[in-house]
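# A look at the structure
Take a look at the letters that make up each chain.
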Amino acid sequence: ISMNNFHNTRSSRRSVKNIQIIQGGQDLTANAGLIPVVQFLKKHGFALKIEQTLNHQRGATGVYDAVDMILLPLVAIIGGARSISSIVTVWNDRVLCLAAGWLRIPDETTFGRILRTFTQKNINEMETLNHRMRASICSSALRFGSSVVGVLPRIVIDVDSTVKTVYGNQQGVSVGYNPHQCGAASYQLLLAFCAETKEILQGWLRSGDVYTGNGVVEFMRQLLAHLPNRTRILFRGDSGFFAEKLLDYLDDRDQDYLIKAKFKGLRLLLETKQWTRIKANHDWESTEFTHQCGTWSRSRKFVAVRREKEIDGKDSDTLFEIKEYDYFCYVLTDELAPWQAHKHYGQRATSETWIEEAKNQSALAHIKTADFWGNSALFQTAILAYNTLRWMALCSGNKILKRWEAATIRTFLIRMAGKWTTGSRQQKLRVPKKMLYYAQWEAWVAVAET
């Protein structure tokens with residue numbers, strides 16, 4: 001056998017004739033996975049909830065209304081849109097329009113013009129809309145046995161802020177603390193995540209020069225007003241939320257908190273405490289105490305852990321050994337041991353991952369116009385888009401789907417080839433018979449149908 005023939009018998013490829021590419025295919029889509037999204041929103045009466053929640057008046061000749069200005073960007077963001085022009089591009093898909101019932105789609109100019117008519121009152125109504133949708137879906141998930149989060153006696157709420165750099169001349173942007181681009185104008189986002197489900201429970205779009213904790217009491221008052229009265233929360237936040245007003249509010253509402261402490265003289269205070277070596281972690285020591293900060297009206301419980309720093313011998317110029325420590329201190333209501341509190345607070349780091357996912361994969365505060373309230377409407381719509389993915393995964397009960405980020409869902413489920421067919425008074429969407437994640441696709445379709 002010649003080497004040439006031997007190579008051919010073992011090859012993983014075969015020769016292919018020239019392929020002629022022609023136009024003319026009808027009712028094809030590259031985003032078949034958006035059809036279950038449209039069906040899911042329809043099944044849960046999303047359009048009706050928008051009409052019932054938003055008081056956004058349009059003129060008698062207006063073709064598009066608030067339902068269009070929310071649903072169109074929401075579905076497009078799930079499909080990967082990151083600008084108003086790409087929202088129009090995603091919807092330039094006959095199959096998607098047929099499945100969603102749209103006869104025509106607004107152009108970029110129309111989007112911008114209508115978004116400029118949104119007011120602060122409409123933004124507050126959109127925040128309420130998010131809570132109403134969540135309540136409906138949690139009830140549905142409980143009914144079908146896929147999640148009990150709606151009846152949990154307590155949930156952990158991770159609150160954090162993040163900066164979104166802005167380019168151009170948008171209303172409401174300011175130069176403030178920006179770790180990504182020093183001196184650049186930005187918005188600051190205040191977000192509250194449900195740790196059990198990764199949902200964004202509430203979000204505010206704020207000027208870039210606002211301090212992290214500004215307005216957090218009003219933020220939490222609004223959030224708690226929408227949660228069931230039976231639900232108790234654990235507020236988990238970094239030192240930016242270490243403020244007496246917030247602690248007083250949570251204490252008065254009989255809510256729990258675990259917040260990293262930061263105040264003048266904290267290190268000196270910790271150095272005076274009695275420290276105990278942690279049995280399971282010999283490199284660490286712990287202490288707990290009650291303390292009343294200078295302006296506080298009451299004392300509160302604090303716990304702290306510390307670990308000795310490693311000091312290079314070259315940096316030591318003294319005859320006597322001086323120990324230096326890294327300190328971690330928290331104010332809390334729970335009866336947690338210091339090490340338990342430290343580990344529990346460490347779980348909060350996952351919320352920073354969720355923030356980056358929402359910003360980079362769900363266009364949170366990325367799609368903008370020149371108008372602040374228009375941008376706020378798009379921001380709230382991006383929250384709804386992010387949550388829709390979380391809600392569909394929650395209702396599916398599929399463990400893998402619950403772990404997937406937005407980009408992963410988009411890659412393996414949304415961007416699916418499909419062909420729209422009609423006949424015998426039925427509409428069908430044909431998708432490939434073989435796919436990489438068949439079980440997840442089945443779960444994705446099932447939550448839209450059941």
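Further up the page is the structure itself.
Residues numbered from 1 in each chain as written. Predicted model: local features only at pLDDT ≥ 70, side-chain atom pairs only at ≥ 80, totals over all residues. Heavy atoms only, no water.

Attention now moves to the overall build of the chain. Of the regular secondary structure elements, the chain holds 17 helices and 13 strands. Overall, the C-alpha framework of the chain stretches about 85 × 80 × 50 Å when taken along its three principal axes. By the burial criterion, 52% of the 450 residues in the chain qualify as buried. In the chain, 67% of the contacts between residues at least 6 apart in sequence involve partners at least 24 apart. Approximately 23,700 Å² of the chain is accessible, and the part contributed by carbon and sulfur atoms is 49%. (Helix = DSSP H or I, 4+ residues; strand = E, 2+ residues; numbered from the N terminus. Buried < 20%, exposed > 50% of the residue type's maximum accessible area, 1.4 Å probe, protein only. Contact = heavy atoms within 4.5 Å. Areas by Shrake-Rupley, 256 points an atom, 1.4 Å probe, with all protein chains shown as cover.)

At a minimum axis distance of 10 Å, the contact between helix α8 (residues 120-143) and helix α14 (residues 372-396) shows a crossing angle of 5 degrees. Regarding the angle of α8 to α14, the classification is roughly parallel. Contacts between α8 and α14 involve Gln120, Ile123, Met126, Glu127, Leu129, Asn130, Met133, Arg134, Ile137 and Ala141 on the former and, on the latter, Trp373, Ser376, Ala377, Gln380, Thr381, Ile383, Leu384, Asn387, Trp391 and Cys395. In terms of residue class, the contact of α8 with α14 is made up of twelve nonpolar, six polar and two charged. (Axes fitted to C-alpha atoms, helices over the stretch in contact; angles between N-to-C directions. Parallel < 35°, antiparallel > 145°, perpendicular 65-115°, else oblique. Nonpolar A, V, L, I, M, F, W, Y, C, P; charged D, E, K, R; others polar.)

Right, let's get into the pattern of salt bridges. Opposite charge on two side chains permits them to pair, given that their charged atoms come into close proximity. Evaluation of the coordinates by the stated rule reveals 24 salt bridges. Of the charged contacts, one joins Lys309 and Asp326 as a salt bridge, the two residues approaching to 3.9 Å between their closest N and O atoms. Of the two residues, Lys309 is situated in the loop between β10 (300-308) and β11 (325-332) and Asp326 in strand β11; the sequence distance between them amounts to 17 residues. You can call Lys309 partly exposed: its relative accessible area is 33%. Residue Asp326 is classed as partly exposed on the basis of its relative accessible area of 29%. Linked by salt bridges that have partners in common, Arg154, Arg232, Asp254, Asp256 and Asp334 make up one network. (Salt bridge = Lys/Arg side-chain N within 4 Å of Asp/Glu carboxyl O.)

A few words on helix α17 (residues 438-449). Helix length check: α17, at twelve residues, gives a terminal C-alpha distance of 17 Å against a target of 16 Å (1.5 Å per residue), a fit within 8%. Considered for burial, the residues of α17 that qualify are Gln440, Trp441, Ala443, Trp444, Val445, Val447 and Ala448. The inward-facing, buried residues of α17 abut α2 (34-43), α14, α15 (399-403) and α16 (406-414). (Expected span 1.5 Å × (residues − 1).)

With that settled, consider a nonpolar patch on the surface. Nonpolar side chains collect at one region of the surface, where Val16, Ile19 and Ile21 lie side by side and expose about 390 Å² of accessible area between them. Here Val16 is to be found in the loop between α1 (3-10) and β1 (28-29). On the basis of relative accessibility, which here comes to 58%, the residue Val16 falls in the exposed class. (Patch = residues over 30% accessible without salt bridge, like charges linked within 9 Å, V, L, I, M, F, W, Y side chains within 5 Å.)

Once that is clear, we can look at the environment of Thr53. Along the chain, the position of Thr53 falls in helix α3 (residues 46-53). As for Thr53 and Ser396, which are separated by 343 residues in sequence, their C-alpha atoms are 27 Å apart. When neighbours within four sequence positions are excluded, Thr53 is seen to be in contact with Glu125, Thr128, Leu129 and Arg132. A distance of 2.6 Å separates the side chain of Thr53 from the backbone oxygen of Lys49, its partner in a polar contact. (Polar contact = N/O pair within 3.5 Å; in protein donor to acceptor, adjacent residues only side chain to side chain.)

Bringing unusual backbone geometry into the picture now. With a phi close to 55 degrees, Asp27 is a non-glycine residue in the positive phi region. Relative to the helices and strands, Asp27 is located in the loop between α1 and β1. A positive phi angle, near 60 degrees, is found at Asp254, a position not held by glycine. Within the fold, Asp254 resides in the loop between α10 (244-252) and β7 (256-260).

We now examine the sheet that holds strand β12 (residues 418-423). Reading across from one edge, β1-β12-β13 is the order of the three strands in this open sheet, with antiparallel pairing throughout. With one partner strand each, in any of the chains shown, β1 and β13 (426-430) form the two edges of the open sheet. Pairing of β1 with β12, which is carried by two bridges, proceeds in the antiparallel orientation. What sits directly across from Thr29, in β12, is Gly418. (Pairing = 2+ DSSP bridges.)

It is worth spelling out the nonpolar core at this point. Residues Phe40, Phe46, Trp91, Leu364 and Trp444 are the most contacted members of the largest nonpolar core, which totals 84 residues. By residue number, the principal contributor to this core is α14, which donates 14 residues. Excluding residues within four positions of it along the chain, Phe46 makes contact with Leu41, Ile70, Leu71, Leu74, Leu129, Met133 and Leu384. Counting residues in each nonpolar core, the second largest holds 43 residues, with Cys138, Leu223, Trp275 and Cys293 among its members. (Core = buried A, V, L, I, M, F, W, Y, C linked by side-chain atoms within 4.5 Å.)

Looking now at the packing of helix α4 (residues 66-78) against α14. Two numbers describe how α4 lies on α14: the axes approach to 9 Å, and their chain directions differ by 55 degrees. With respect to their mutual orientation, α4 and α14 come out oblique. At the point where α4 passes α14, the crossing takes the right-handed sense. Contact with α4, carried on its side by Met69, Ile70, Pro73, Leu74, Ile77 and Ile78, involves Thr381, Ala382, Leu384, Ala385, Thr388 and Leu389 of α14 and no other residues of that element. (Left-handed = near helix turned anticlockwise from the far one by under 90°.)

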